[in-house]
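# Structural description and commentary
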Amino acid sequence: MHLNIRDHLCPLCGTTDVGRFFLANNRDFLLCARCQLVFVPSGQFLSEHEEKAQYDLHRNSPEDPAYRQFLSRLFIPMHAQLAPGSHGLDFGSGPGPTLSVMFEEVGHSMAIYDHFYAPEPSVLQRPYDFITATEVLEHLHHPKQELDRLWALLKPGGILGVMTKLLGDREAFPGWQYKNDPTHVCFFSRPTFRWLAAQWHAELSFGDGDVMLFYKKHEGS
């Protein structure tokens, strides 16, 4: 079916200034000219049942040292900046919550939320000292709504840590395996995260590879 690009708004910044970036595996990848997000149109998303079936294949757990090592790229720089006994939220904790366990092991208290595996809305109604979202942003169907909600839950002086593979240059996209996962529908680049930080008036640092830390300023700072 022919896609009418003019019918699609950027799901992050809301502009109509989008164009076709790439076509692969019967999916269109559109590029926003304002915030540089690359996204798949909502009409090409998997159903909820199909999406969960993909996630059920994941075998991550706190007992897996390789998975812990992977998460340590976010855990180590965040933990180094947290006050003892901080309260955090792991958003998109998945079928085998692990990052929350790692923070609890060093004395922080944690809440978890996951649309499929821990759908407890009450945890999205209280403030946190820090929030993590690892390998989550690429799955978001409504990135502006979800990310703005997380930012609103973060206390002044708090940290939002995200991990998602960064979109590279256009020439590398055809061979980029990350785009082939049918549950991946949003692709962020450094310019996209800088745009987001500007909207939030946040400080932003880029960590190891695909790790980004957003710092919420105190009022008046």
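The structure this text deals with has already been given above.
Every chain begins its residue count from 1, and numbering advances along the sequence as written. In keeping with the model being predicted, local features are shown solely for residues with a pLDDT of at least 70 and side-chain atom pairs are shown and tallied solely at 80 or more, while totals for entire chains, interfaces and linings include all residues. No hydrogens and no water enter the side-chain calculation; it runs on all heavy atoms of the structure.

### A closer look at the packing of aromatic side chains
Each Phe, Tyr or Trp ring, with Trp reduced to its six-membered ring, pairs with another whose centre is within 6.5 Å; inter-plane angles below 30 degrees give stacked pairs, above 60 give edge-to-face pairs, and intermediate values give tilted ones. With the rule as written, the count across this model stands at 20 aromatic pairs. Aromatic pair Phe173 and Phe187: ring centres 6.3 Å apart, planes at 85°, arrangement edge-to-face. Taken together, the positions of Phe173 in the loop between strand 7 (154-163) and strand 8 (186-187) and Phe187 in strand 8 put the pair 14 residues apart, joining distant regions of the chain. Each member of the pair, Phe173 as well as Phe187, is classed as buried. A connected cluster of aromatic rings, assembled from ring pairs, spans Phe21, Phe22, Phe29, Phe173, Trp176, Tyr178 and Phe187. Either the NZ atom of lysine or the CZ atom of arginine qualifies as a charge over a ring when it sits within 6 Å of the ring centre and within 35 degrees of the ring normal. Directly above the aromatic system of Phe206 lies the positively charged group of Arg190, at a separation of 4.3 Å from the ring centroid. In this description a helix means any DSSP run of H or I spanning at least four residues, a strand means any run of E spanning at least two, and both kinds are numbered starting from the N terminus. Each residue is assigned to one of three classes by its accessible area relative to the maximum for its type, calculated with a 1.4 Å probe on protein chains only: buried under 20%, partly exposed between the two thresholds, exposed over 50%.

### As for the sheet that holds strand 4 (residues 87-91)
One bridge is not enough; two strands pair if DSSP finds at least two bridges between them. Pairing is mixed in the open sheet, where six strands are placed in the order 5-4-6-7-10-9. With partners counted over all chains shown, the strands left at the sheet margins are strand 5 (109-113) and strand 9 (203-206), one partner each. Neighbour-to-neighbour, the strand axes of this sheet turn through a mean angle of 15°, independent of strand direction. Of the strand pairs in this sheet, strand 7 and strand 10 (residues 211-215) are connected by five bridges, and their pairing is antiparallel. Helix axes are fitted only over the stretch in contact, all axes being lines through C-alpha atoms; the angle between N-to-C directions runs from 0 to 180 degrees.

### Examining the side chain of Glu51
Tracing the sequence through the fold places Glu51 in helix 1 (residues 48-55). No salt bridge is formed by the buried Glu51. Its closest oppositely charged neighbour is Arg27, at 9.6 Å. In what follows, a contact means two residues having at least one pair of non-hydrogen atoms within 4.5 Å. Ignoring any residue separated from it by four or fewer positions in sequence, one finds Glu51 in contact with Leu46, Phe116, His139, His141 and Thr183. In this tally Asp and Glu are treated as negative and Lys and Arg as positive; neither His nor the chain ends contributes. Salt bridges are defined by distance alone: a side-chain nitrogen of Lys or Arg within 4 Å of a carboxyl oxygen of Asp or Glu.

### What to know about the sheet that holds strand 2 (residues 27-32)
What the four strands build is an open sheet, ordered 1-2-3-8; its pairing is antiparallel. Looking at which strands have only one partner, the edges of the open sheet turn out to be strand 1 (18-24) and strand 8. Where strand 2 lies against strand 3 (residues 38-39), two bridges are found, and the strand directions are antiparallel. Bridged to Leu31 within strand 3 is Val38.

### Here we look at helix 2 (residues 65-79)
The end-to-end C-alpha distance of helix 2 is 18 Å, clearly below the 21 Å that 15 residues give at a rise of 1.5 Å each. Values of bend correspond, residue by residue, to the angle between axes fitted over the seven residues ending at that residue and the seven starting there. Of all the bends in helix 2, the greatest measures close to 50° and is centred on Ser72. Taken together, the buried positions of helix 2 are Tyr67, Leu71, Ser72, Leu74, Phe75 and Met78. Packed against the buried residues of helix 2 are helix 3 (99-105), strand 6 (128-134), strand 7 and strand 10. Measuring from the side-chain oxygen of the N-cap residue of helix 2 to the backbone nitrogen of Ala66 gives 3.0 Å; that N-cap residue is Asp64. By this rule, a helix spans an expected 1.5 Å times one less than how many residues it contains. We call two N or O atoms a polar contact when they sit within 3.5 Å, provided that within protein one can donate a hydrogen and the other can accept it, with sequence-adjacent residues counted only if both atoms are side-chain atoms.

### A look at the pairing of strand 1
Inspection of the sheet shows strand 1 paired to strand 2 by six bridges, in the antiparallel sense. Bridge pairing in strand 2 places Val18 opposite Cys32. From the end of strand 1 to the start of strand 2, which pair antiparallel, there are two residues, and Asn25 there has a positive phi angle of about 55°.

### Thoughts on helix 4 (residues 143-153)
Turning to helix 4, its buried residues are Pro143, Glu146, Leu147, Leu150, Trp151 and Leu153. Relative to the axis of helix 4, the buried residues are bounded by an arc of 165° and lie together on one face. Residues of helix 4 that are exposed and point over 90 degrees away from its buried face: Gln145 and Ala152. This arc describes the spread of directions from the helix axis toward the C-beta atoms.

### A closer look at the pairing of strand 5
In regular strands, side chains alternate between the two faces of the sheet. Pairing between strand 4 and strand 5: five bridges, direction parallel. Bridge pairing in strand 5 links Gly88 to Met110. Handedness is read with the strands pointing away from the viewer; a crossover is right-handed when the path from the first strand over the helix to the second is clockwise. The parallel pair strand 4 and strand 5 is bridged by helix 3, and the resulting crossover is right-handed.

### A short note on the nonpolar core
Among buried residues, the Ala, Val, Leu, Ile, Met, Phe, Trp, Tyr and Cys ones that are joined through side-chain atoms within 4.5 Å form a nonpolar core. In this structure, Cys10, Leu12, Leu89, Leu137 and Phe214 are the most contacted members of the largest nonpolar core, which totals 51 residues. Every residue in contact with Leu12, bar those within four places of it in the chain, is listed here: Cys35, Leu37, Pro143, Lys144, Leu147, Phe188, Thr192, Trp195 and Leu196. Of all hydrophobic cores here, the second largest spans 16 residues; its members include Leu71, Phe103, Val211 and Tyr215.

Just distances and angles here, no functional claims.
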